[in-house]
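Each chain, letter by letter, is given below.
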Amino acid sequence: MTHLCLDSRRCNELVDALVEQGWYVGEDFIAPDLCRDLNQELAILAGRDVLAIAGIGRGREHERRRDIRGDTIHWLDRGSEAQGHYLQAMGELQREINRSLFLGLFEYEVHFAHYAAGAFYKRHLDSFRGRANRVVSTVCYLNPDWPADGGGEMVLYDPESPERELARVHPEAGTFACFLSETLPHEVLPTRLPRTCIAGWFRRNASLGGLVDPAY
Ligand code: OGA
Ligand code: MN
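Let me sum up the structure you'll find in this document. (Residues numbered from 1 in each chain as written. Chains lettered and ligands numbered in written order. Predicted model: local features only at pLDDT ≥ 70, side-chain atom pairs only at ≥ 80, totals over all residues. Heavy atoms only, no water.)

Right, let's talk about the packing of aromatic side chains for a bit. Under the definition given, this model contains 3 aromatic pairs. On the basis of an interplanar angle of 65 degrees and a centroid distance of 5.7 Å, the ring pair of Tyr-24 and Phe-29 is categorised as edge-to-face. Relative to Phe-176, the ring of Phe-29 has its centre 5.1 Å away and its plane inclined at 15 degrees; by these criteria the two rings are stacked. Residue Phe-29 is found in the loop between strand 1 (23–26) and helix 2 (32–47), and its partner Phe-176 is found in strand 9 (residues 176–180); the two are separated by 147 residues along the sequence. Both residues of the pair, Phe-29 and Phe-176, count as buried. Taken together, the ring pairs in this structure connect Tyr-24, Phe-29 and Phe-176 into an aromatic cluster. Note that Arg-123 overlies the ring of Tyr-157, its terminal NZ or CZ placed 4.2 Å from the centroid. Over the face of the ring belonging to Trp-201 we find Arg-134, whose NZ or CZ atom lies 3.8 Å from the ring centre. (Phe/Tyr/Trp six-rings, centres within 6.5 Å; stacked < 30°, edge-to-face > 60°. Helix = DSSP H or I, 4+ residues; strand = E, 2+ residues; numbered from the N terminus. Buried < 20%, exposed > 50% of the residue type's maximum accessible area, 1.4 Å probe, protein only. Lys NZ or Arg CZ within 6 Å of the ring centre and 35° of its normal.)

Our focus in this paragraph is helix 3 (residues 81–101). Between its terminal C-alpha atoms helix 3 stretches 30 Å, which fits the 30 Å expected from 21 residues at 1.5 Å a residue. Ala-82, Gln-83, Tyr-86, Leu-87, Ala-89, Met-90, Glu-92, Leu-93, Gln-94, Glu-96, Ile-97 and Leu-101 are the residues of helix 3 that are buried. Buried residues along helix 3 sit against helix 1 (8–21), helix 2, strand 4 (107–115), strand 6 (134–141), strand 9 and strand 11 (195–203). One or two steps after helix 3, the chain reaches Phe-102, where phi turns positive at roughly 50 degrees. (Expected span 1.5 Å × (residues − 1). Contact = heavy atoms within 4.5 Å.)

Structure representation (structure tokens):
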């Protein structure tokens, strides 16, 4: 039998929530030792100063806007065993989501993200204008023992009533958030401490005029 990275009961819980309300947040969803290894890998990347300043928009519209988004990132490249395990878990999740939602997800783009103290990401949607190919967003938090006053919560807003908060997610290691990329507005509140996570997106191929939409 193949080893599964994700608990099937929790996976079903996630898929049900995505179908019913368009979002899911689960604590202790990703194994603690995997989060620890991924966090260590990100700390090494940050220490080597190889993280890139994140931007907004895609292709020629891509720009750096520190007033909107302050994280630095590194795209996963299967460079470690921990990355391999995380990508395997996301593959399992993709199959479960596809089985129930018929979304035809076929690609996963994913990066480490590091928010220095004071950084934030203003309210936004994850799918880009004219290229609505990001379908389901995922965020796995990596911060062990995040304090109650650490800040850096992700706030999910009601698409129908923009001021209404649906959830405020404490970025504790193991917590996993998943939501529909085209409809759920969300933001990262200013963090008081360095904050780490892995943000990823299941995509549909928006092949327009025979051109396959490129990843960054
Ligand atoms: C993103 C994002 C949320 C988070 O990278 O698009 O919204 O909690 N991240 O880091
Ligand atoms: Mn986002």
